[in-house]
Amino acid sequence: MNTIQWLSHLLGGKERFSPKTGYQAEFGKNGPQIAVTLAFCELLTANCLEIRTQEQIHLPKRLYKLRREVDLTLLTEIEQIVAGEMSNFCTFPLLREKAAKKLRRSKVLTQTDAYLAEQQKNAEHYRQVIADALEYNPMVSVC
Amino acid sequence: MSHETKTPSRVYIDVTNACPLQCLHCCTASGERRADELSLVEIINLVDQVQGMQVKNLVLTGGEPLARADLPAILRHACQQGLNITLLTNGILLDRSWAKLLAELGVRVKISLDGVSAETHNFLRGNGAFEMATQALERLRAAGAENLAVHFTVHRQNCREIARLPELLSELGIHNLVVGLIKPSGRAKDNPALLIPPAMAAYVRQKIEALTHCEQITLQRLSDKCWGSDTEDLFGCPATCNKLGVGATGETTTCTFLGQEFMGKNVREYPLAELWQQHLAGGKCFVANAECAECPNLPFSGGGCRARALYYRQDINAPDPYCCASFAKKRFLDQHRPLLEQALAGPELAFQD
Ligand SMILES: C[S@@+](CC[C@H](N)C(=O)[O-])C[C@H]1O[C@@H](n2cnc3c(N)ncnc32)[C@H](O)[C@@H]1O
Ligand code: SF4
Ligand code: SF4
C-alpha cells in the first residue's frame, strides 16, 4: 500500500490531481516531521518500543528503541522508515530528524498517485492515537 | 441467569462443505462436498430446533452455502420461523436471482472480502474472486438488499490494508464492516506465513480499532460478551460460553476454529438442546492451566482464544499469546501513562523530555 494513501486515510486528507502532474504528494514543509511523529506514536502505543530513562543532567531523560520481536514487514512504509532508525536507543527529536530526512529522500514522497495530508489533521490524528491508548481496553478486541 | 436457562447467542450451520474456491486460509478446508452431508429435511428440522431453543440468531455458512441448490428452501423456512438470518458467502455464485431472493427475504448477507485490491484478495482466494465478490455486492444493492456487510479476515499479507477499508467500503456503497483475525485452523495451519505473529497482535488490533473513528463505516468485531464468573459484562472467547456450531455432516462444535478433534456429538443422534445442555453441564471447554490461572487478568479476559492456545501452546487450557500481548500492551501503557498524558497535550514536548 502506498504510504501517502495510508496517511491520507488515517488523516482524512484529500486527493490532489492535476492533468499535468497526475496525483501528487503535497506535504507541507513540516509534513515529514509530522508523519514521523504519527508513525512514532503508533509504534509507541502499540507496545512496539522499549523506553529507557536516563537521569543524568544534560542528557536526554528518555530513550526509545524498537523491540526485537517487532516484525517490520507488517509495518507501513513510514513506520518502517522510523523503525529502521531505531535499532539503538535514541531520543525522539534525533530520531525524527533522521527519519524525516530519509522520508524526504524516499520514493514515498515522490510517488505520483499520492495524496495530500493536511498538517492540522495530522496533528489531530496523533492526538487521537494517544487518546485511544489512554482509553485502551484489552478485553474489547477482535477474536 | 443460571446455566440451564442460557441459550447460545447464535447457532452456526455449515450447510455444505462444497465450495468453488480453495482459499489458502480456509478453516473448514472446504472444496469437496461430503457424501453424508445433512439433508434438506434434516436442516429444516435443525432450524426448528434452533427456534425451539429460543435462539434468535442463525448463521448459515459452509463451505459455500450458495453451492447448495436447496438453500432457498432453508432460507424461506428459517425466515418463517422468525429467526434473524445471516448468510456468510464468498459471493462467487451470487447471481441476480440469488440477489433478488435474499433481498426479498431480508436476509443479512456478509460477503467475504479479504483485500482492498483484487491482487490481495485473489492471492488468498484465487483469480477472479475479488471481481465476483464485488459484483455480488453490486447485485445485492441493485436488488434492494439492505442488510449487507463486508467480512474482512486480517492476515499477515493484508494487514497493511486495514486503513484503506473505509475507502473500499465507500466505493462499494457498504456501511457495515466485520473484522476478524485469521485463526490457526484448517488450511491456515498449512500456510503459517499467513498467521500474525503474537508479538504483532497488539499492533494489528490497534490498526483495526482505529477504524472506529471512521464515520462512514460501522465496525463490528468478532468478540463477544461472555458469561464470566460473576458479571455478564466480560468479553472472552465465545467458544467457552455462548455459541454453537453444526458442521456439514451434523457434528456439533462450540467453535469451528478448534478443528475436527473438538467436534462433539452429532445432531443426527441427539436433539440440539440436549447437546447444548451437555456442553453446559460438562463445564467449560476451558479450565485455566496453572500459567493462566495465575494471571491477574484471567477474570476479565476469559483467557482469550482457545484455538490460538491450542495451536501456539498445544494445550486448550493454556494462555492465548494474543491475549498476553494485549495485556503486555496494557501494562506498558499504564506504566507510561504520565508520558502519554503529556503527549496528548503536545507530543513534541513530551517526547523531548
Ligand atoms: C469458512 S467461510 C464460509 C463462508 C464462505 N465460503 C466465505 O468464504 O465467506 C466463513 C468465513 O470464515 C473466514 N475464515 C476462513 N478461514 C479462516 C481462518 N483460518 N481464520 C479466520 N477466518 C477464517 C472466511 O474468510 C469467511 O469470511
Ligand atoms: S473460506 Fe469460504 S470461500 Fe474460501 S474455501 Fe473456505 S468455504 Fe470456500
Ligand atoms: S476459540 Fe478463538 S475463534 Fe473460537 S470463539 Fe473462541 S476466540 Fe473466537
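Before reading on, note that the structure itself is shown above.
Draft legend 1. Quick look at the site of ligand 2. Around ligand 2 lies a shell formed by B:Cys19, B:Leu21, B:Cys23, B:His25, B:Cys26, B:Ser30, B:Gly63, B:Asn90, B:Arg125 and B:Arg187. The residue inventory of the shell around ligand 2, partitioned by class, reads four nonpolar, four polar and two charged.

Draft legend 2. Seen up close, the packing of aromatic side chains. Per the stated rule, a full pass over the model turns up seven aromatic pairs over all chains. Between the aromatic rings of A:Phe92 and B:Phe351, the centroid separation amounts to 5.2 Å while the plane-to-plane angle is 65°, which identifies the pairing as edge-to-face. Here A:Phe92, found in helix H4 (residues 92-105), pairs with B:Phe351, found in helix H14 (residues 347-352), and the two come from separate chains. Among the residues examined, A:Phe92 registers a relative accessible area of 1% and is labelled buried. Measuring from ring centre to ring centre gives 6.3 Å for B:Tyr312 and B:Tyr322, while their planes differ by 35°; the resulting arrangement is tilted. Residue B:Tyr312 is found in helix H11 (residues 306-313), and its partner B:Tyr322 is found in helix H12 (residues 321-335); the two are separated by ten residues along the sequence. Overall, B:Tyr312 belongs to the partly exposed group, its relative accessible area being 24%. Clustering of aromatic rings is evident, with ring pairs tying together A:Phe40, A:Tyr64, A:Phe92 and B:Phe351. Directly above the ring of B:Tyr270 sits B:Lys265, whose terminal nitrogen or CZ lies 5.2 Å from the centroid. Geometry around A:Tyr136 places B:Lys329 over its ring, the cationic atom sitting 4.2 Å from the centre.

Draft legend 3. Molecular detail of the environment of B:Lys6. Residue and element names in this part refer to chain B. Secondary-structure assignment places Lys-6 in the segment before strand S1 (10-14). Residue classification places Lys-6 among the buried positions, given a relative accessible area of 5%. When the C-alpha atoms of Lys-6 and Arg-164 are compared, they prove to be 39 Å apart, with 158 residues separating the residues in sequence.

Draft legend 4. View of the interface of chain B and chain A. Contacts between chain B and chain A engage 53 residues on the former and 52 residues on the latter. Between chain B and chain A, a total of about 4,900 Å² is buried, with carbon and sulfur atoms accounting for 62% of that surface. Applying the counting criterion to the chain B and chain A interface returns three salt bridges. Notably, a salt bridge pairs A:Asp71 with B:Arg156, separated by 2.6 Å at the nearest N-O pair. Per element, the largest residue contribution to the side of chain B that touches chain A is eight residues, and it comes from helix H7 (residues 201-209) of chain B. Its residues placed into classes, the side of chain B that touches chain A shows 27 nonpolar, nine polar and 17 charged.

Draft legend 5. Inspection of the site of ligand 3 at higher detail. Taken together, A:Cys143, B:Lys183, B:Cys237, B:Pro238, B:Ala239, B:Lys243, B:Cys255, B:Phe257, B:Cys305, B:Arg306 and B:Ala307 make up the full set of residues near ligand 3. Residue neighbours of ligand 3 fall on chains A and B, so the site bridges chains. A per-class count over the shell around ligand 3 returns eight nonpolar, no polar and three charged.

Draft legend 6. Examining the pairing of strand S4 (residues 62-66) of chain A more closely. Residues and elements named next belong to chain A. Judged by how many residues are buried, S4 sits mostly within the fold: four of five residues are covered. Bridge analysis of strand S3 (residues 49-53) against S4 gives five bridges, and the strand direction is antiparallel. Across the sheet, residue Arg-52 finds its bridge partner in S4, namely Leu-63.

Draft legend 7. Highlighting unusual backbone geometry. Omega for the bond connecting B:Gly62 with B:Gly63 falls within 30 degrees of zero, at 25°, which places this linkage in the cis form. One can find B:Gly63 in the loop between strand S2 (57-61) and helix H2 (71-80). Of note, A:Asn47 is a non-glycine position whose phi angle comes to about 60°, a positive value. As for its position among the elements, A:Asn47 is in the loop between helix H2 (31-45) and S3. Taking the relative accessible area as the measure of exposure, A:Asn47 reaches 14% and is therefore buried.

Draft legend 8. Region of interest: the packing of H2(A) against H4(A). Residue and element names in this part refer to chain A. Running from N to C, H2 and H4 cross one another at 120°; their axes reach a closest spacing of 9 Å. Relative to H4, the element H2 is oriented oblique. Relative to H4, the crossing made by H2 is right-handed. The segment H2 lies against H4, with Pro-32, Gln-33, Ala-35, Val-36, Thr-37 and Phe-40 engaging Phe-92, Leu-95, Arg-96, Glu-97, Ala-99, Ala-100, Leu-103 and Arg-104. Considering only residue class, the contact of H2 with H4 consists of nine nonpolar, two polar and three charged.

Draft legend 9. The side chain of B:Thr120, seen in detail. All names here are of chain B. Within the secondary structure, Thr-120 is located in helix H4 (residues 118-125). Given a relative accessible area of 9%, Thr-120 falls into the buried group. Of note is the side chain of Thr-120, whose polar atom sits 2.8 Å from the side chain of Ser-117. Setting aside chain neighbours within four positions, we find Thr-120 in contact with Asp-114, Gly-115, Gln-157, Asn-158 and Glu-161.

Draft legend 10. The arrangement of the sheet that holds S2(B) in detail. The mixed open sheet is built from nine strands, whose spatial order is S7-S6-S5-S4-S3-S2-S1-S10-S11 (chain B). Each end of this open sheet is capped by a strand with a single partner; those strands are strand S7 (218-221) and strand S11 (252-253) of chain B.

What counts, and where the lines are drawn
Residues numbered from 1 in each chain as written. Chains lettered and ligands numbered in written order. Predicted model: local features only at pLDDT ≥ 70, side-chain atom pairs only at ≥ 80, totals over all residues. Heavy atoms only, no water. Near = heavy atom within 4 Å. Nonpolar A, V, L, I, M, F, W, Y, C, P; charged D, E, K, R; others polar. Phe/Tyr/Trp six-rings, centres within 6.5 Å; stacked < 30°, edge-to-face > 60°. Helix = DSSP H or I, 4+ residues; strand = E, 2+ residues; numbered from the N terminus. Buried < 20%, exposed > 50% of the residue type's maximum accessible area, 1.4 Å probe, protein only. Lys NZ or Arg CZ within 6 Å of the ring centre and 35° of its normal. Contact = heavy atoms within 4.5 Å. Buried area = accessible area lost by both parts, 1.4 Å probe. Salt bridge = Lys/Arg side-chain N within 4 Å of Asp/Glu carboxyl O. Pairing = 2+ DSSP bridges. Axes fitted to C-alpha atoms, helices over the stretch in contact; angles between N-to-C directions. Parallel < 35°, antiparallel > 145°, perpendicular 65-115°, else oblique. Left-handed = near helix turned anticlockwise from the far one by under 90°. Polar contact = N/O pair within 3.5 Å; in protein donor to acceptor, adjacent residues only side chain to side chain.

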